[in-house]
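# Summary of structural features
Here is how the chains run, residue by residue.
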Amino acid sequence: MSTPHEHVLIVDFGSQVTQLIARRLRESGIYCEVHPYNRLGDGFLDRFAPKAVILSGGPSSVHWDNSPRAPKAIFDLDVPILGICYGEQVICEQLGGKVQSSDSREFGRAEIEIIKDSPLFAGLSPVETVWMSHGDRVESLPGGFDVIARSQNAPYAAIADEARKIYAVQFHPEVVHTPCGAQILRNFTHGIAGLLGDWTMAAFRAEEIAKIRKQVGKGKVICGLSGGVDSSVVAVLLHEAIGDQLTCVFVDTGLMRANEADEVVSLFRDHYNIPLISVDAGDEFLDRLAGVSDPEKKRKIIGGLFIDIFDREASAVGGADFLAQGTLYPDVIESVSFDGGPSVTIKSHHNVGGLPERMKMKLVEPLRELFKDEVRALGRELGLNEQFVARHPFPGPGLAIRIPGEITPERVAILQKADAIYLDEIKKTGLYDDIWQAFAVLLPVRTVGVMGDERTYDYVLALRAVTSTDGMTADYFTFDHDVLGRMSTRIINEVRGINRVVYDITSKPPGTIEWE
């Protein structure tokens, strides 16, 4: 934790939407961090010194052996506490209440009736719609607690110990399906905890520049520039902080979108006075990835080769002490299991889980505490062109994770052509800014087709487009069928090797945005 601002600790019990709590708090100017429940020892709480604590939901039952618990020290901090779903059950279980499995479970929308005045519900109506997702429920309260809201199947839908400022709700205020949720969280942070909401992007910019200067000193920094928003914002921020101590390295992996390598090099050399080295390493990456199908191995191979190249280029420019990356907070969260077990890790990111221990440079990651939309806000704060800041995200491993199965030069070329047509059609219809991310995936599947009265046996292409605010959750974008038909026709007619196009209508969760 590096910010000097008032801040909130979010204790993660493994909910898939824990990160949304952080997003809601950030939106109201509250700096916060998510930390797993079992990594709060060794003086962490004293160092972090939160002004308030939120206990997240989670998939466990308090009746399971070794199920997660909040460290006792949290209840001794004498700061406001809010438990959400499993967090409510933990509070009750640990403070002397009783939790039982229920025959009447609640999943989805429900209505709560507010039955007692509480600052947690300031400004709300007597009946509100919320989102429930629980099997267990509270059966009796610890001493000092009162019921402040109930639902049909949850008589303790919200509880409060006003004297100790400990609150808990059985529903999820962080999700959009709870319309009053943002107000409830704001009531907790601004009203009950008395926080001012003083975390702004302008403040982050100034503080991060000071932090970079302190970390780097007189050292030299190489920035891995991908051409995406994240690494570009990192480059501009670093250049403002340390000037000519920075050298950007753009590595053409051979896995970029069509013509993207030339566009990136032109953009930075023509518009920014930042030293840039361009490395054509397409053959190296494709050779190293030959025969590899496992997505985790792909990511680690790409991460390792990136470091090899950066080490090599650092030596060529007379040595570098630091490697700068565009690692974001969702990258960190998704790459770390909340309980330390590998089964909960969603996927490793090439710049988080894929870095080899032998790396010779230290890391500079100024965006590590930001969500994607916050990076865009920082880009605007730094004066980056709006058209550039609003570009769709593009993963560091590039098209390698959009070609399930083995990667070959032929498959890369096919996907580049198809993806370019897809994005061109989206822009022509004026939908680009309505979509968070859109891309094509070349599947390792061939199907029979008929083209020109002849039999074909070619690849299937999947199209993906999603709407989102932060990349942590997403819904598929609803295209008009005529638009999809036009896209499919162009791709099949113009790209040799594809004879079938499908559209992915999976949300996140249960899927991820990328396929690998």
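Up top you'll find the structure we're talking about.
A quick note: this is a predicted structure, and the numbers were derived from the prediction, not measured.

## Describing the overall build of the protein chain
Across its full length, the protein chain holds 15 helices and 18 strands. Dimensions of the protein chain along its principal axes, counting C-alpha atoms only, are 70 × 65 × 40 Å. By residue count, 59% of the 516 residues in the protein chain fall in the buried class. Long-range contacts, defined as pairs at least 24 residues apart, comprise 75% of the intrachain contacts of the protein chain with a sequence gap of at least 6. Taken together, the 53 basic and 72 acidic charged side chains of the protein chain have centroids lying 3 Å from each other.

## Examining the pattern of salt bridges
As enumerated under the stated definition, the model contains 26 salt bridges in all. Asp504 is the partner of Arg464 in a salt bridge, and the nearest nitrogen-oxygen pair spans 3.3 Å. Here Arg464, found in strand β16 (residues 454-467), pairs with Asp504, found in the segment after β18 (498-503); they are 40 residues apart in sequence, far enough to count as distant. Using a relative accessible area of 0% as the deciding quantity, one classes Arg464 as buried. The exposure class of Asp504 is buried, given its relative accessible area of 10%. Residues joined in a network through salt bridges with shared partners are Arg23, Arg24, Arg26, Glu27, Asp373 and Glu374.

## Quick notes on the side chain of Asn187
With respect to the secondary-structure elements, Asn187 resides in helix α5 (residues 181-192). Within the structure, Asn187 has its side chain in polar contact with the backbone oxygen of Ala122 (distance 3.0 Å). A polar contact is formed between the side chain of Asn187 and the side chain of Gln183, at a distance of 2.7 Å.

## Description of α5
Along an α-helix, residues three or four apart share an orientation, since each turn contains 3.6 residues. Between its terminal C-alpha atoms α5 stretches 15 Å, which fits the 16 Å expected from twelve residues at 1.5 Å a residue. Every buried residue of α5 is accounted for by Gly181, Ile184, Leu185, Asn187, Phe188, Thr189, His190 and Ile192. Just beyond α5, the residue with positive phi is Gly194, at close to 70°.

## Some remarks on the nonpolar core
In terms of nonpolar packing, the biggest core is built from 92 residues, with Leu238, Ile426 and Phe479 touching the most fellow members. Among the elements that take part in this core, helix α7 (residues 229-242) stands out by supplying nine residues, more than any other. Those residues within four positions of Ile426 in sequence are excluded, and the remaining contacts are Leu431, Tyr432, Ile435, Ala438, Phe479 and Met487. Formed by 44 residues, the second largest nonpolar core is a distinct cluster that contains Val8, Val34, Cys85 and Leu195.

## Quick notes on the packing of aromatic side chains
On inspection of all chains with the given rule, the structure shows nine aromatic pairs. With a centroid separation of 5.3 Å and an interplanar angle of 70°, the aromatic rings of Phe13 and Tyr86 are classed as edge-to-face. Here the residue Phe13 occupies a position in the loop between β1 (7-12) and α1 (18-27), and Tyr86 occupies one in helix α4 (residues 86-95), the gap between them amounting to 73 residues. Using a relative accessible area of 0% as the deciding quantity, one classes Phe13 as buried. Residue Tyr86 is classed as buried on the basis of its relative accessible area, which comes to 1%. Through pairs of rings, three or more aromatic residues link up here, namely Tyr422, Phe477, Phe479 and Tyr503.

## Points about the packing of helix α9 (residues 282-289) against helix α10 (residues 295-316)
Packing of α9 against α10 brings their axes to within 10 Å, and their N-to-C directions diverge by 145°. When you trace α9 past α10, the crossing you get is right-handed. Within the contact between the two elements, α9 uses Glu284, Phe285, Arg288 and Leu289 and α10 uses Lys298, Ile301, Ile302, Leu305, Phe306, Asp308, Ile309 and Arg312. Taken together, the residues of the contact of α9 with α10 sort by class into seven nonpolar, no polar and five charged.

## Description of the pairing of β16
Most of β16 is tucked away, with ten of its 14 residues classed as buried. For strand β15 (residues 437-451) and β16, the ladder comprises twelve bridges, and the chain directions are antiparallel. Bridging across to β16, Val448 finds its partner in Tyr457. In this sheet, β18 lies alongside β16 in parallel orientation, the contact comprising five bridges. Considered in β18, the bridge of Leu461 is made with Val501. Examined bridge by bridge, β16 and strand β17 (residues 475-476) share two bridges and lie antiparallel to one another. Paired with Thr467 across the two strands is Asp475, which belongs to β17.

## Points about the pairing of strand β12 (residues 276-280)
Pairing analysis gives five bridges linking strand β11 (residues 246-252) to β12, with the strands arranged parallel. Directly across from Val249, in β12, lies its bridge partner Ile277. Crossover handedness for the path β11 to helix α8 (residues 260-271) to β12: right-handed.

## Some words on the environment of Ser118
Note that Ser118 resides in the loop between β5 (98-114) and β6 (127-140). Residue classification places Ser118 among the buried positions, given a relative accessible area of 10%. Ignoring sequence-local partners within four residues, the contact set of Ser118 consists of Ile148, Glu162 and Tyr167.

## Quick look at the sheet that holds strand β14 (residues 362-364)
Across a sheet, strands are paired by hydrogen bonds formed along the backbone, either parallel or antiparallel in direction. Spatial ordering of the open sheet is given by β12-β11-β10-β13-β14, a layout of five strands whose pairing is parallel. With one partner strand each, in any of the chains shown, β12 and β14 form the two edges of the open sheet. Each strand of the sheet is rotated relative to its neighbour by a mean of 30°, with strand direction disregarded. Relative to the sheet, α7 contacts β10 (221-225), β11, β13 (322-324) and β14, its axis offset from that of β10 by approximately 160°. Along the sheet face, α8 touches β10, β11 and β12 and points at about 170° away from the line of β12.

Definitions and limits used
- Residues numbered from 1 in each chain as written.
- Predicted model: local features only at pLDDT ≥ 70, side-chain atom pairs only at ≥ 80, totals over all residues.
- Heavy atoms only, no water.
- Helix = DSSP H or I, 4+ residues; strand = E, 2+ residues; numbered from the N terminus.
- Buried < 20%, exposed > 50% of the residue type's maximum accessible area, 1.4 Å probe, protein only.
- Contact = heavy atoms within 4.5 Å.
- Lys, Arg positive; Asp, Glu negative; His and termini not counted.
- Charge placed at Lys NZ, Arg CZ, Asp CG, Glu CD.
- Salt bridge = Lys/Arg side-chain N within 4 Å of Asp/Glu carboxyl O.
- Polar contact = N/O pair within 3.5 Å; in protein donor to acceptor, adjacent residues only side chain to side chain.
- Expected span 1.5 Å × (residues − 1).
- Core = buried A, V, L, I, M, F, W, Y, C linked by side-chain atoms within 4.5 Å.
- Phe/Tyr/Trp six-rings, centres within 6.5 Å; stacked < 30°, edge-to-face > 60°.
- Axes fitted to C-alpha atoms, helices over the stretch in contact; angles between N-to-C directions.
- Left-handed = near helix turned anticlockwise from the far one by under 90°.
- Nonpolar A, V, L, I, M, F, W, Y, C, P; charged D, E, K, R; others polar.
- Pairing = 2+ DSSP bridges.
- Right-handed = clockwise from strand over helix to strand, strands pointing away.

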